[in-house]
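Topology and contacts: notes
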Amino acid sequence: MSREGVGRSVFVLNGPNLGRLGSREPEVYGHASYADLVSLCESEGAALSLSVETRQTEDEAELIRWIHEAIDADADIVINPAAFTHYSYALRDALAQCTGTVIEVHLSNPASREEFRHESVVAAVATGTIAGFGVESYRLALQAIGRFRTSG
Ligand code: DQA
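An account of the accompanying structure is given in this report. Please read all numbers here as calculations on a predicted model, not as lab measurements.

Reading the values: the criteria
Residues numbered from 1 in each chain as written. Predicted model: local features only at pLDDT ≥ 70, side-chain atom pairs only at ≥ 80, totals over all residues. Heavy atoms only, no water. Pairing = 2+ DSSP bridges. Helix = DSSP H or I, 4+ residues; strand = E, 2+ residues; numbered from the N terminus. Axes fitted to C-alpha atoms, helices over the stretch in contact; angles between N-to-C directions. Contact = heavy atoms within 4.5 Å. Parallel < 35°, antiparallel > 145°, perpendicular 65-115°, else oblique. Left-handed = near helix turned anticlockwise from the far one by under 90°. Nonpolar A, V, L, I, M, F, W, Y, C, P; charged D, E, K, R; others polar. Near = heavy atom within 4 Å. Polar contact = N/O pair within 3.5 Å; in protein donor to acceptor, adjacent residues only side chain to side chain. Areas by Shrake-Rupley, 256 points an atom, 1.4 Å probe, with all protein chains shown as cover. 1 Å grid on protein atoms, 1.4 Å probe; cavity = no way out; pocket = protein on both sides within 12 Å on 5 of 7 lines; lining within 4 Å. Sits in = over half its atoms within 2 Å of the grid points. Salt bridge = Lys/Arg side-chain N within 4 Å of Asp/Glu carboxyl O.

**Things to note about the sheet that holds strand 1 (residues 9-14)**
A sheet is described by the order of its strands in space; here five strands give the open sequence 2-1-3-4-5, paired in parallel fashion. Of all strands in the sheet, those with a lone pairing partner are strand 2 (51-56) and strand 5 (128-131), marking the two edges. Along the sheet, successive strands turn relative to each other by an average axial angle of 20°, direction set aside. Inspection of the sheet shows strand 1 paired to strand 2 by six bridges, in the parallel sense. Within strand 2, the residue paired with Asn14 across the bridge is Gln56. Across the face of the sheet, helix 2 (residues 34-47) comes into contact with strand 1 and strand 2 while running at roughly 165° to strand 2.

**Points about the packing of helix 2 against helix 5 (residues 136-148)**
Between helix 2 and helix 5, the least distance of the axes is 10 Å, while the angle of their chain directions is 25°. If you check the angle between helix 2 and helix 5, you find them roughly parallel. Once helix 2 is placed against helix 5, the crossing between them reads as right-handed. Contact residues: helix 2 offers Leu37, Leu40, Cys41, Glu44 and Gly45, while helix 5 offers Glu136, Tyr138, Arg139, Leu142 and Gln143. The class makeup of the residues in the contact of helix 2 with helix 5 is five nonpolar, two polar and three charged.

**A look at the site of the ligand**
With respect to spatial proximity, the complete set of residues near the ligand consists of Arg24, Tyr29, Asn80, Ala82, Ala83, His86, His106, Leu107, Ser108 and Arg117. Asn80 places a polar side-chain atom, nitrogen or oxygen, 2.8 Å from an oxygen atom of the ligand. At a separation of 2.7 Å, an oxygen atom of the ligand approaches a polar side-chain atom of His86. When the ligand is considered free in solution it has 320 Å² of accessible area, and contact with the protein chains removes 99% of it. The site holding the ligand turns out to be the largest pocket. The class makeup of the residues in the shell around the ligand is four nonpolar, four polar and two charged.

**Re the pattern of salt bridges**
Pairing between side chains of opposite charge can happen when their charged atoms approach one another. Inspection of every chain in the model, using the stated rule, returns eight salt bridges. Between Arg8 and Asp74 there is a salt bridge, with the nearest N and O atoms lying 3.7 Å from each other. With Arg8 in the segment before strand 1 and Asp74 in the loop between helix 3 (60-72) and strand 3 (76-80), the pair connects residues that are 66 residues apart, well separated along the chain. Glu114 is paired through a salt bridge with Arg117; the nearest N and O atoms lie 2.7 Å apart. Connected via shared salt-bridge partners are Arg8, Asp74 and Asp76.

Okay, here's the thing in structure tokens:
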């Protein structure tokens, strides 16, 4: 994607169980559906002149391949690794290769939840983390990319 015109490319990547947003533990993750999340990312991306592509998978290997694809496309990344956040060193190693902006997002605030959610093994290789604002966490992440991009 050209850096002029449509703007910088951003992959919004979502890990396991996030496709079930809306019906999955709404008291924790809110009532917005995954389709709502995709349209929020698309409309916020358009408002910021970013070219946004949103994807979700249950599969760690697929998520890693998408990170490689983003690196090769010189795209920035907004990622909610879901439960992989807490234990996937493979995901961390993939994100460590990124030269663009990487923003870790969470709908909930993992720090205020069960102890196993307190550690993020990817946080140290992210540019920054936004958590606890429901689907608005993604809007804030895209706005951060619009304002503070580290490359391009
Ligand atoms: C989550 C928090 C994780 O602990 C959990 O495993 C998820 C969603 C969030 O967005 O709040 O699946 O990443």
